[in-house]
Amino acid sequence: MSSAIYSFINSITNSITSRYDIKSQISTAGLWKIYLGLRKTTGKHYAIFIFEKRSLDVSFKRERGASKNDTEKVYELLKKEAS
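What counts as what
Numbers given to residues run from 1 along each chain, matching the order in which its sequence is written. The predicted nature of this model means local features are confined to residues of pLDDT at least 70 and side-chain atom pairs, given and counted, to a pLDDT of 80 or more, with totals for whole chains, interfaces and linings taken over all residues. The side-chain figures draw on all heavy atoms in the structure; neither hydrogens nor water molecules are used. The numbering of helices and of strands both runs from the N terminus, where a helix is a DSSP run of H or I of at least 4 residues and a strand a run of E of at least 2. Only protein chains enter the calculation, and the probe is 1.4 Å; a residue is then buried if its accessible area is under 20% of its type maximum, exposed if over 50%, and partly exposed in between. All accessibility values rest on the Shrake-Rupley procedure with a 1.4 Å probe; residue burial counts only the protein chains present in the view. Two strands qualify as a pair provided DSSP detects at least 2 bridges between them. The axes used here are C-alpha line fits, helices contributing only the stretch in contact, and every angle between their N-to-C directions lies in the interval 0 to 180 degrees. In this analysis, rings of Phe, Tyr and Trp, with Trp reduced to its six-membered ring, are considered paired at centre separations within 6.5 Å, and the interplanar angle assigns stacked below 30 degrees, edge-to-face beyond 60, and tilted for intermediate values.

Colleague: Account for the overall build of the protein chain, naming residues and giving values.
Modeller: A count of helices and strands for the protein chain gives 4 helices and 3 strands. Counting from the amino terminus, helix and strand elements in the protein chain follow one another as α-α-β-β-β-α-α. Relative to its 83 residues, the protein chain shows a buried fraction of 23%. Surface accessibility of the protein chain: about 5,800 Å² in total, with carbon and sulfur atoms responsible for 54%.

This is the structure in C-alpha cells:
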C-alpha cells in the first residue's frame, strides 16, 4: 500500500490502526472498501471495512437527491453503529 494511502487511512481510522496492521485493499462493497487487516496482539487476519464520507456524499446525493443534512445524518448513524 502506498505511503500516501496508508497515511490517509491512518488519519481517519486511528483507533483501528492502533489495533490492526492494515494491508492491501481486497474488495469493495457499495460504499465500503474492504482491507486485509492483521490484529497486532494475536496475529489473526480480519477483514476491515472502511468507508469515506466523500463517497457517501457523492453516492447518496446522486442516487436519492439527498441534501447535505440527509447525508450528515446517515454518516453519523453509520459512525455510531460502527463504533
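Colleague: Describe the sheet that holds strand 2 (residues 32–39), naming the residues involved and giving the relevant values.
Modeller: Pairing is antiparallel across the open sheet formed by 3 strands, whose spatial order is 1-2-3. Across the chains shown, the open sheet's two edge strands, defined by having one partner strand only, are strand 1 (20–29) and strand 3 (45–51). If you compare each strand with its neighbour and ignore which way they point, the axes differ by 30° on average. With 7 bridges joining them, strand 2 and strand 3 adopt antiparallel strand pairing. The residue bridging Leu38 from the neighbouring strand is His45, located in strand 3.

Colleague: Outline the packing of aromatic side chains, supporting the account with residue identities and numerical values.
Modeller: Following the criterion strictly, the structure yields 2 aromatic pairs and no others. With centroids separated by 5.7 Å and ring planes inclined at 80°, the aromatic side chains of Tyr20 and Tyr46 adopt a geometry described as edge-to-face. With Tyr20 in strand 1 and Tyr46 in strand 3, this residue pair connects regions lying 26 residues apart in the sequence. Given the relative accessible area of 14%, Tyr20 is considered buried. Here the aromatic rings of Trp32 and Phe49 are separated by 6.4 Å at their centres, their planes lie at 70°, and the arrangement is edge-to-face. One end of the pair, Trp32, is in strand 2; the other, Phe49, is in strand 3, and 17 residues separate them in sequence. Judged by relative accessible area, Phe49 falls into the partly exposed class, the value being 44%.

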